[in-house]
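# Fold and contact review
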Amino acid sequence: MIGQRTSQRSFAKSVDWLLIISYLLLVTIGVMNIYSTVHYSTPELFVWKSRACKQLVWIATAIIIALVILFVIPPRVYEPISLPLYVVIFFLLVLVIFVSRDVKGSHSWFTFGPISLQPAELSKISTSLMLSMVISKLDLRFKTFRDYAIAGAVLLLPMLAILAESETGSMLVYVGFLLVLYREGISGWWLALLGIIIVVFVVTLKYDPFWALLIIGIIATLSNDLPQNKGRRWFAVHFPAIIALITYFIVYNKVCAAHPDTTFAYFKPIYLILACMLALMVAYLIKGFRTVNAFKMVTVAMIAICVGMSLAVPFVFNKVLKDYQQKRIQVLLGIIEDPRDAGYNVTQSKIAIGSGGFFGKGYLNGTQSTFGFVPEQSTDFIFCTIGEETGFAGCTAVILLYVLLIWRILRGAEKSRERFTRVYGYCVASCLTMHLVINIGMTIGLMPVIGIPLPLVSYGGSSLWAFTALIFIFVALDRNEKKYF
Amino acid sequence: MKLERKDRVLIGIGVAALVLIVKLFSIQVLDSSSKDKANSQSMVRMPIYPNRGVIKDRNGKVLVGNKMCYDIMVTPKTVKEFDTTAFCRVFNVDKEYVKGKFEEFAANSRRIGYQQVLLLRQVTPEAYTAFAELLAKNDFDGFFGQPRTIRQYPYNAGGSLLGYVSEVDANYISRHPGEYRPGDYAGMTGLEAVREKDLRGVKGEHILLRNSKNQIEGPYRDGAEDTEAIPGKDIVTTIDAELQNYGQRLMKNKVGSLVAIEPSTGEILTLVSSPCIDVDKLADIGKYYAELAKDPQKPMYNRAVSGLYPPGSCFKLVNCLIGLDEGVLTPQTQYPCSMGYHFGNHRLGCHAHKSPINMEESIMMSCNAYYCYVLKTMLENNNYENIDEALRAWDEYVYSFGFGHNLGSDFPSEGKGNIPTPETYNRVYGKGHWKANTIISISIGQGEVACTPMHLANLSATIANRGYYYIPHIVKDSEGIEIDPKYHEKQYTKVDTTHFHKIIKGMWRAVNSGFGSGGTASIAAVEGMDICGKTGTAQVPHGADNSVFICFAPMDNPKIAVAAYVEHGGFGATWAAPIASLLVEKYLTGSTTRPDLEQRMLQGDLMYRFPSKR
């Protein structure tokens, strides 16, 4: 024991200082920008009603949490407590649905007097630990259905609970864990499928299911023909078919616009393209069986999923999503224009960020963020203040700082000899990436408005503590190895 | 190269960050529309309107001043339900008007955004005070009174030449790029337009910040970018307000012009174009514009500087001076007149007077035949190769008096007039097919000769100065305003200055010979004033002759030169001569010795001679 102590490296040499510095920079940027949003109404920094003051307190407590994680809790405990923690948090996730007050339609907050706690924030930690534990302990290689099922269950349980809390935004963050699973061996097609589903969803909503199906067809045929050097055949067979379908679509619309009540109106292009897809699936199925071509089989499955998705989109959209969520998506896609209501936040946020220009208006000189044009200024839309006051230069710097943080985590994860640590590092990186992309994406109109905070920067203790714990557990795990090797 | 999965994950994250950065670049750097939107939301640009320069008369009396009023502005987006009844009562407007305005704002709400728009124009300070009380008591969010100044006219003098000020329209703004914004005022006619650059001053701007609830938070950058208004420069005119007012009263209910110039400076003392715009209407031009534009006598038309008329017999003075200078005429030259000038089967008529007469008498009695002979000898002068050359020489003389071109005064739309050239007649008759008798009517200021009343006043001033004139002008040098140096330069005619005293005697006799002497302008005589004048009775195609008179006084060291032109007034002595004479007397003595004549002139109404075709 004593010998070990003397041989271990000092704290200074065993932690990733770049990671710690980027963390500290981000929380500092956060509190500075929170001060900027409130400085006009509350110029004093050290009064309790100032959010900047509160955030300083949250940061102080977060640093205490980090120190506790680094110096008090033995890193070895995380693996064994993963399962109990996961179970407890899942229990809380479900419990909160029944005991929580209604906060803007969602039931996700425990309130103990002045302190509020969102189990969904803690769930990121417990799920990450749980996922790391099952993958490392059960040695999941994602070659069998069992592996998929176990990992899927670990992720889907909290997702469903959070969905039931009406926290769709927080739920979406869990989609990011696909990155972890990808690193640990699942087929890249799952990611591709996710991408295609998003494209199909968007195209179906914005244009017509016809075009979505056409895109599926083009992707399916191209991905089968091109790798086998059958591009010429594709041009000879599929390309004319695609042109014919498009022509038919245009002719149909023209004719129906001119003569609304012809019997021709019954021959909808969607039927034709469905028939084509069916034929394609049958053809690939037969070919796949004959040549024992797994790719053909996967293609067929994917076509089926996508076609089903495409046809189901209107239903999913109208029945599953809430009214305001539908509107946010429609605004994002430009289907409806609503600068006052659903689109107000985004319009204002884009104006604030856009008006920053290259170098910004200067710290504390933002007009849009100071005078309350942007809602949720210090929490979800904190990036507007950064955009307005420090401009493109500042925005880029902040994004690069996040990338630096994520990169250091991934680098540490890859260097680790323990699979548990590696998977956990990827989990942390995925969470950060999802938050980063969704939050900034929504402020600049790339994503629908999803109410999740910008990690470490947005106002709020709950989120800051959760991310601090999430990150520093990784630092502790990482250091635990470096200490000895 | 086969990428490992860990690298692919890293690349994926990098690409996602890059997408964010590219999008940020596009909305922050490439697209500047957010800046404008942000500014229009969070900044209120409050224009600070400068006081327009005051226009004064030559004695420092204010002709055009300013008075305070308020434009009621409104930010439609932030207006809540308000007490329309109280609002309409305070401002005395229709509910329908207010309703209509707000419907209009609602229809354009996208374009208007958070800008302030005009609801009511130029309300009085009294109404505004009442409204301010209302503002304090009730919920009138989004309303605001913008202080403005509008024109005020203490004297009813010079309406037409002062011009009016009104809000700029889209057309005006586009003709003056970068100088005006909607809501600005600008001088549109007359002096207000000519001296717009001096009068308007420089607008200031206060930039305020407002929050999302449209409450003003304070000055932008602590007022570092605010600018204050710089008042316009005052303009001192050469006009004598009292005299101008008197002239306008004399010309009331007559159509024509009355121009008075100080010969020693070229300063215009009075310039009346009748009918003229009452200053009351000028102040509220928007309301009266349609009415004024429809008036067949065109009150907005400045006929004194733009109207073209035959000068009639006044023009004989010019021919007389040219004759003297050319040496074809001496004061002793006598010509006969038997009720006119006879040539071939034609006769250019004249009135009954003794015959033959000499040069002085020809002026005094205004003999037509005499000047026919004068012009004939001039044009058939053997010194010239042919009549073309002779007429060309004559033209040069006439031009040197200012006729036939713009005098160069500071009025924008000065009439050139017309002086016939050899080319004119060669075009009409063909070269070699015309001779002196063909064009003999130009000798008595008829035919192709046309000029403005200001040309005539300038002729009078030229004779008064014995051979030169200063370009007539109405703006004097004053603090901050420097007029063109050309107004201080003597403009000599081509006629030798030694000849002028010869005709002045005739002009003196035309006025001062007493009734029965044959002098045409005895009615203009004032005891001891030594008015020198020349009548004119200009024939016009339709209706009664135009009554014309030019004069100056006193004979030595003249202080005032006048031209009066009364359309369809008959003989020069009937209306023009008494009016001009009264004006001279008023200027020199401040009153009149002839109250009866004054009354007759003030009350004279010739409007029945003008068919009111609408």
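Residues numbered from 1 in each chain as written. Chains lettered and ligands numbered in written order. Predicted model: local features only at pLDDT ≥ 70, side-chain atom pairs only at ≥ 80, totals over all residues.

## Some remarks on the overall build of chain A
- Looking only at helices and strands, one finds 19 helices and 2 strands in chain A.
- In chain A, which comprises 485 residues, the share counted as buried stands at 43%.
- The long-range share in chain A, meaning contacts at least 24 apart out of those at least 6 apart in sequence, stands at 67%. (Helix = DSSP H or I, 4+ residues; strand = E, 2+ residues; numbered from the N terminus. Buried ≥ 20, exposed ≤ 12 C-beta atoms within 10 Å, placed from the backbone. Contact = placed C-beta atoms within 7 Å.)

## What to know about the overall build of chain B
- The helix and strand tally for chain B stands at 23 helices and 19 strands.
- By residue count, 43% of the 614 residues in chain B fall in the buried class.
- Nonlocal contacts in chain B, meaning residues at least 24 apart in sequence, comprise 71% of its contacts between residues at least 6 apart.

## Topic: the nonpolar core
- Of all hydrophobic cores here, the largest spans 137 residues; its most connected members are Val259(B), Ala260(B), Ala457(B), Cys551(B), Val562(B), Ala580(B) and Leu583(B).
- Composition of this core by domain shows at least three residues from each of domain 1 (44-76 + 92-236) and domain 2 (241-294 + 303-609) of chain B.
- Excluding residues within four positions of it along the chain, Leu583(B) makes contact with Leu243(B), Tyr246(B), Gly247(B), Leu250(B), Leu258(B), Ala260(B), Thr270(B) and Val562(B).
- Trp58(A), Leu181(A), Ile471(A) and Ala17(B) belong to the second-largest nonpolar core, a separate cluster that totals 112 residues. (Core = buried A, V, L, I, M, F, W, Y, C linked by C-beta atoms within 7 Å. Domains from an automatic or database assignment.)

## Here's the deal with unusual backbone geometry
Residues and elements named next belong to chain B.
- Note the cis peptide between serine 274 and proline 275, where omega equals 0°.
- Relative to the elements of secondary structure, proline 275 occurs in the loop between β12 (267-274) and α12 (279-283).
- Omega for the peptide link from alanine 553 to proline 554 comes to -15°, which places this bond in the cis form.
- Here the phi dihedral of asparagine 253 falls at roughly 60°; this positive angle occurs in a residue that is not glycine.
- Residue placement: asparagine 253 occurs in the loop between α11 (241-250) and β11 (256-262).

## Observations regarding the environment of Leu199(B)
Residues and elements named next belong to chain B.
- Summarising the element assignment, leucine 199 is placed in helix α10 (residues 196-199).
- Accessibility expressed as a C-beta count within 10 Å gives 26 for leucine 199, which makes it buried.
- Along the sequence, leucine 199 and glycine 232 sit 33 residues apart, while their C-alpha atoms lie 4.5 Å from each other.
- Among residues more than four places away in sequence, those in contact with leucine 199 are Arg52, Gly53, Gly187, Glu192, Gly232, Lys233 and Ile235.

## Remarks on the sheet that holds strand β19 (residues 560-566) of chain B
Residue and element names in this part refer to chain B.
- Read across the sheet, 5 strands follow the order β12-β11-β19-β18-β17 without closing on themselves; strand pairing throughout is antiparallel. Two strands close off the open sheet at either side, each with one partner strand: β12 and β17 (532-538). Across the sheet, the mean angle separating the axes of adjacent strands is 5° when strand polarity is ignored.
- The pairing of β17 with strand β18 (residues 546-553) spans 7 bridges and is antiparallel. In the strand pairing of β18, threonine 535 is matched with phenylalanine 549.
- Strands in contact with α11 are β11 and β12; relative to β12, the strand with the most contacts, it is inclined by about 25°. (Pairing = 2+ DSSP bridges. Axes fitted to C-alpha atoms, helices over the stretch in contact; angles between N-to-C directions.)

## Side note on the pairing of strand β14 (residues 346-349) of chain B
Residue and element names in this part refer to chain B.
- The pairing of strand β13 (residues 340-343) with β14 spans 4 bridges and is classified as antiparallel. The residue of β14 that forms the bridge with tyrosine 341 is leucine 348.
- Hairpin connection, β13 to β14: the antiparallel pair is bridged by 2 residues, and glycine 344 has positive phi, about 55°.

## Let's talk about the sheet that holds strand β8 (residues 204-210) of chain B
Residues and elements named next belong to chain B.
- Reading across the sheet, the 3 strands line up as β1-β8-β9 and stay open at both edges, with antiparallel pairing between neighbours. Two strands bound the open sheet, and with one partner strand each, they are β1 (43-48) and β9 (216-219). Neighbouring strand axes in the sheet, compared pairwise and without regard to direction, differ in orientation by 35° on average.
- Pairing of β8 with β9 involves 3 bridges; the strand directions are antiparallel. Each residue of the ladder has a partner; that of arginine 210, found in β9, is isoleucine 216.

## Comments concerning the interface of chain A and chain B
- Contact residues are listed per partner, giving 34 residues for chain A and 29 residues for chain B.
- For the side of chain A that touches chain B, the secondary structure elements donating two or more residues are α9 (177-183), α16 (344-354), α17 (382-415) and α18 (419-443) of chain A.
- The element best represented in the side of chain A that touches chain B is α17(A), accounting for 11 residues.
- Residues that form the side of chain A that touches chain B fall into these classes: 19 nonpolar, 12 polar and 3 charged. (Nonpolar A, V, L, I, M, F, W, Y, C, P; charged D, E, K, R; others polar.)

## Notes on the packing of helix α13 (residues 269-291) of chain A against helix α14 (residues 294-320) of chain A
All names here are of chain A.
- Interaxial distance between α13 and α14 falls to 8 Å at its minimum, and their mutual angle equals 155°. With respect to their mutual orientation, α13 and α14 come out roughly antiparallel. The way α13 lies across α14 gives a crossing that is left-handed. On α14, the residues touching Met277, Leu280, Met281, Tyr284, Leu285, Lys287 and Gly288 of α13 are Lys296, Met297, Thr299, Val300, Ile303, Ala304 and Val307.
- Residues of the contact of α13 with α14, tallied by class, amount to 10 nonpolar, 2 polar and 2 charged. (Parallel < 35°, antiparallel > 145°, perpendicular 65-115°, else oblique. Left-handed = near helix turned anticlockwise from the far one by under 90°.)

## Thoughts on the packing of helix α3 (residues 17-38) of chain A against helix α4 (residues 51-72) of chain A
All names here are of chain A.
- It is at 8 Å that the axes of α3 and α4 come closest, and there the two elements cross at 160°. The angle between α3 and α4 falls in the class roughly antiparallel. Handedness of the α3/α4 crossing: right-handed. Along its contact with α3, which presents Val27, Gly30, Val31, Ile34, Tyr35 and Val38, the element α4 presents Arg51, Ala52, Gln55, Leu56 and Ile59.
- Classifying every residue of the contact of α3 with α4 gives 8 nonpolar, 2 polar and 1 charged.

## So, the confidence of the model for chain B
- Overall, the prediction assigns chain B a mean pLDDT of 89, with 99% of residues at 70 or greater.
- Our summary of model confidence lists the complex with pTM equal to 0.65 and ipTM equal to 0.89. (pLDDT = per-residue confidence, 0-100.)

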